[in-house]
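# Fold and contact review
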Amino acid sequence: MADMAELKRKREAWFAQRAAAQERERVLQEEGGAAVDEAVHARSEDDPSPAMGVLSLSDSDVLDRITERLTSKLKEELRSEVRREEQEVSRKNIQDSKKMEGWLAGELEQTTCPICYEIMQPPQHTPTLLFPCGHTFCAQCISSHIKANHRHTCPYCRKKIESQAPNMILQQLIDGFAERKKEAAACLDREGKFLAVSGG
Ligand SMILES: [Zn+2]
Ligand SMILES: [Zn+2]
């Protein structure tokens, strides 16, 4: 896997190199102009020595071209590295979503009513907490259990039911899980489409 620190280092190195190249270009333009002036001035005085300024400028042009080529190669390398990094991240997101989906499925299975095995969601299957034993069943099963047995006892531990109330925390958890499962499915769908388009 590409390391973020390594990527950051490369990016900074590239920026530094680019800034140096631009600075060098500026200096060469200024000095180049001066060199040409000097060469022209030297000729006008019938100086037979070769115009060193012009020669070194053309060498610099070659160097500049090489630098430019290296810079664009580095740029391309950086771009493809960023692309690889992005694909790696979206692949990891899909793995995480799949793990999450599996975990959520397990959680939801465990929060079903122990009598009817339905997911405890309102209105019929509102999770209902019995007091004082603390066991939870869906509202429908508890009311039919009480009707059928004419006894206010917990179907699990047979303790007397003194009162009952919606198990709000459990209901919120179940609602939350259902919502997250829906989101995970939507995310998976989006990522799948993204990968199909980007050819990853
Ligand atoms: Zn039930
Ligand atoms: Zn109980």
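From a predicted model like this one, the values you see are computed outputs, not experimental measurements. (Residues numbered from 1 in each chain as written. Chains lettered and ligands numbered in written order. Predicted model: local features only at pLDDT ≥ 70, side-chain atom pairs only at ≥ 80, totals over all residues. Heavy atoms only, no water.)

This part takes up the coordination of the zinc ion (ligand 2). Coordination of the zinc ion (ligand 2) by the protein is provided by Cys133 (SG), His135 (ND1), Cys154 (SG) and Cys157 (SG), with metal-donor distances spanning 2.0 to 2.4 Å. For the zinc ion (ligand 2), the four donor atoms are set out with angles of 106 to 117° between them, so the coordination reads as tetrahedral. One chain supplies every donor for the zinc ion (ligand 2), spaced along it as C-x1-H-x18-C-x2-C. (Donors = N, O, S within 2.8 Å, 3.2 Å for Na, K, Ca; no water. Tetrahedral: all angles 85-135°; square planar, octahedral: opposite > 155°, others 65-115°.)

Here we come to the confidence of the model for the chain. Per-residue confidence for the chain gives a mean pLDDT of 81, with 82% of residues at or over 70. pLDDT under 50 marks residues 49-55. Its contacts with residues more than four places away, or in other chains, come to four contacts. (pLDDT = per-residue confidence, 0-100. Contact = heavy atoms within 4.5 Å.)

Sheets are built from strands paired through backbone hydrogen bonds, the pairs being either parallel or antiparallel. Strand order in the open sheet formed by three strands is 2-1-3, with antiparallel pairing between adjacent strands. Whereas interior strands pair on both sides, the edge strands pair on one side only; in this sheet they are strand 2 (136-138) and strand 3 (163-166). Adjacent strand axes in the sheet meet at a mean angle of 35°, parallel and antiparallel pairs treated alike. With three bridges joining them, strand 1 (residues 127-131) and strand 2 adopt antiparallel strand pairing. Note on strand 2: the bridge partner recorded for Leu129 is Thr136. Helix 3 (residues 139-149) rests against strand 1, strand 2 and strand 3 of the sheet, and its axis sits at about 95° to strand 2. (Pairing = 2+ DSSP bridges. Helix = DSSP H or I, 4+ residues; strand = E, 2+ residues; numbered from the N terminus. Axes fitted to C-alpha atoms, helices over the stretch in contact; angles between N-to-C directions.)

On the surface, Val62, Ile66 and Leu70 cluster together into a nonpolar patch covering about 270 Å² of accessible area. Given a relative accessible area of 44%, Ile66 falls into the partly exposed group. (Patch = residues over 30% accessible without salt bridge, like charges linked within 9 Å, V, L, I, M, F, W, Y side chains within 5 Å. Areas by Shrake-Rupley, 256 points an atom, 1.4 Å probe, with all protein chains shown as cover. Salt bridge = Lys/Arg side-chain N within 4 Å of Asp/Glu carboxyl O. Buried < 20%, exposed > 50% of the residue type's maximum accessible area, 1.4 Å probe, protein only.)

The next point concerns unusual backbone geometry. Note: most residues except glycine have negative phi, and most peptide bonds are trans. A cis geometry characterises the amide bond from Pro122 onward to Pro123, with omega recorded as 5°. On the secondary structure map, Pro123 appears in the loop between helix 2 (52-110) and strand 1. Cis geometry is adopted by the peptide bond preceding Pro132, which originates at Phe131 and carries an omega value of 10°. Relative to the assigned elements, Pro132 resides in the loop between strand 1 and strand 2. At Tyr117, a position not held by glycine, the phi torsion is positive, near 60°. Among the secondary structure elements, Tyr117 is positioned in the loop between helix 2 and strand 1. Judged by its relative accessible area of 61%, Tyr117 falls in the exposed class. The backbone of His150 sits at a positive phi, close to 50°, despite the residue not being glycine. In this structure, His150 sits in the loop between helix 3 and strand 3. According to the relative accessible area criterion, His150 is exposed, its value standing at 71%.

The next thing to look at is the coordination of the zinc ion (ligand 1). With distances of 2.2 to 2.3 Å, the protein atoms coordinating the zinc ion (ligand 1) are Cys113 (SG), Cys116 (SG), Cys138 (SG) and Cys141 (SG). Relative to the metal, the four donor atoms surrounding the zinc ion (ligand 1) lie at angles of 102 to 117°, and the coordination shape comes out tetrahedral. If you list the donors of the zinc ion (ligand 1) from N- to C-terminus, the spacing comes out as C-x2-C-x21-C-x2-C. Taken together, the residues Cys113 in the loop between helix 2 and strand 1 and Cys138 in strand 2 connect sequence positions 25 residues apart. When sorted by exposure, Cys113 lands in the same class as Cys138, which is buried.

Formed by 13 residues in total, the largest nonpolar core has its most connected members in Cys113, Met120, Leu130, Phe137, Cys138, Ile142 and Cys154. Put simply, the parts of the chain that give this core at least two residues each are strand 2, helix 3 and helix 4 (168-198). At three residues, helix 3 tops the list of elements feeding residues into this core. The contacts of Leu130, once residues within four sequence positions are left out, are His135, Phe137, Ile142, Cys154, Pro155, Ile161, Ser163 and Gln164. (Core = buried A, V, L, I, M, F, W, Y, C linked by side-chain atoms within 4.5 Å.)

A separate point is empty space enclosed by the protein. Taken as a whole and assessed by the stated rule, the structure comprises one cavity of 30 Å³ or more. Approximately 40 Å³ is the volume found for the largest cavity. What lines the largest cavity is Lys10, Trp14, Leu74, Glu77, Leu78 and Glu81. When contributions to the lining of the largest cavity are tallied by element, the ones reaching two or more residues are helix 1 (4-44) and helix 2. Looking at the lining of the largest cavity residue by residue, the class counts come to three nonpolar, no polar and three charged. (1 Å grid on protein atoms, 1.4 Å probe; cavity = no way out; pocket = protein on both sides within 12 Å on 5 of 7 lines; lining within 4 Å. Points joined across faces, edges and corners; volume = space filled by probe spheres on them. Nonpolar A, V, L, I, M, F, W, Y, C, P; charged D, E, K, R; others polar.)

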